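Per-entry structural report
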Amino acid sequence: MKKLFGVLSFLFVFANISSLNAQKANPESDFRYELETFKIQKGSLSDEVDAVVITEYIGKARNVIIPSSIEGFPVMALGKEVFQGTNVVSVVIPDSVISIYSRNTIGGDGCFQRCKFLQKVVLSKNITSIPYYCFSGCKALKTITLPEGITEIEFGAFCESGLESIDFPSSLRQIGFHAFSDTNLKTIKLVGGEDEKIYIDGYAFSECKALTSVTLSNVYFSREWVFGCCESLRIINIEGAVGINPKYAGRIFSELPQLPLAIQKKLKDLGLL
């Protein structure tokens with residue numbers, strides 16, 4: 001099976017490949033894995049690289065450092081159910097990893113889904129997407145650092161997790177349906193670029209009961225109920241352009257009777273309430 005990834009340096013795949021192993025990475029026997037062929041492209045040049053995809057964690061350790069190479073091959077991807085439902089507390093993903101797989105269907109499987117003890121994840125600096133349901137149901141996960149380079153947070157990626165805080169990288173361009181719904185986020189700041197808005201899908205932050213403050217600039221709402229039923233929300237700062245799919249006008253900030261009247265008026269004038 002061949003995977004295509006653009007704008008990647010050939011050297012990246014192999015440089016410092018043993019750096020995490022030197023930090024006492026878990027032994028290869030802690031994982032099930034398979035070999036795939038990845039097509040690495042830089043500009044008009046391309047090359048094929050045989051690399052490892054980890055398919056399952058079978059170890060006993062609760063603090064996991066994934067090796068950057070296995071049997072001499074770089075580890076370049078994590079499968080869709082690697083840690084699902086395990087009792088891991090922390091996981092470090094090496095920078096050799098450029099993709100985390102998912103089933104990409106409603107109700108599909110996520111790599112860390114329902115890891116109820118998971119508290120800390122160090123993500124690879126070379127992934128660009130947080131896939132479907134990746135951290136869904138991770139109740140002990142309070143915060144996570146998203147590396148610069150992340151462009152998309154997909155369907156349900158953090159829904160029903162314990163997430164309380166998150167900083168969004170400037171590279172972010174898409175937040176999927178239900179991505180952060182029913183989490184414990186307290187404040188949200190989403191700032192897109194003038195020419196590269198952040199597109200936010202429906203229900204993305206709905207039912208975030210602890211959410212008190214939202215700051216928005218250069219965003220576009222693709223569907224409705226993005227902030228529906230956020231019962232603690234009181235402060236909404238609009239600092240830049242905000243667009244909306246006309247089909248869902250008036251249905252972005254829904255079921256929020258607690259909002260101050262001045263904010264309600266501003267949101268109505270913008271077609272958001």
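Before going into details, it helps to say that this report is about the structure given with it.

Notes on the overall build of the protein
Along the protein, the regular secondary structure elements total two helices and 20 strands. In summary, the protein has a C-alpha radius of gyration of 20 Å against a globular reference of 19 Å for 273 residues, a match within 12%. Principal axes of the C-alpha set define a box for the protein whose edges measure 65 × 45 × 30 Å. Across the 273 residues of the protein, 52% fall into the buried class. Pairs at least 24 apart in sequence give 51% of the contacts found in the protein among residues at least 6 apart. When the accessible surface of the protein is summed, it comes to about 12,600 Å², and 50% of that surface belongs to carbon and sulfur atoms.

Some remarks on the nonpolar core
With 69 residues, the main nonpolar core has Phe135, Phe205 and Phe227 as its most contacted residues. The biggest single contributor to this core is strand β3 (residues 45-57), with three residues. Core analysis: the second largest hydrophobic core is formed by nine residues, Ile40, Ala51, Ile98 and Tyr101 among them.

Brief notes about the sheet that holds strand β9 (residues 120-122)
Sheet architecture is open: three strands sit in the order β4-β7-β9, paired in parallel fashion. Each end of this open sheet is capped by a strand with a single partner; those strands are β4 (63-65) and β9. Averaged over all pairs of adjacent strands, the angle between strand axes in this sheet comes to 5°, irrespective of strand direction.

Calculation criteria
- Each chain carries its own residue numbering, running from 1 in the written order of its sequence.
- Predicted model: local features are reported for residues with pLDDT of at least 70 only, side-chain atom pairs are reported and counted for 80 or more only, and whole-chain, interface and lining totals are derived from all residues.
- Hydrogens are left out, water is left out, and the side-chain values use all remaining heavy atoms of the structure.
- Only runs of H or I of at least four residues qualify as helices and only runs of E of at least two qualify as strands under DSSP, and these elements are numbered from the N terminus.
- Only the C-alpha atoms count toward the radius of gyration. The rule for a globule is 2.2 Å times the residue count to the power 0.38.
- When a residue's accessible area, from a 1.4 Å probe over protein chains only, is under 20% of the maximum for its type it is buried; when over 50% it is exposed; and in between it is partly exposed.
- The criterion used for residue contact is that any of the two residues' heavy atoms lie within 4.5 Å.
- Only the protein chains shown count as cover for residues, and all accessible areas are computed by the Shrake-Rupley method using a 1.4 Å probe.
- Within this scheme, the nonpolar core is defined by two criteria: the residues are buried Ala, Val, Leu, Ile, Met, Phe, Trp, Tyr or Cys, and they are joined through side-chain atoms within 4.5 Å.
- Any two strands with at least two DSSP bridges between them are considered paired.
- Fitted lines through C-alpha atoms give the axes, limited to the stretch in contact for helices. The angle between two N-to-C directions lies from 0 to 180 degrees.

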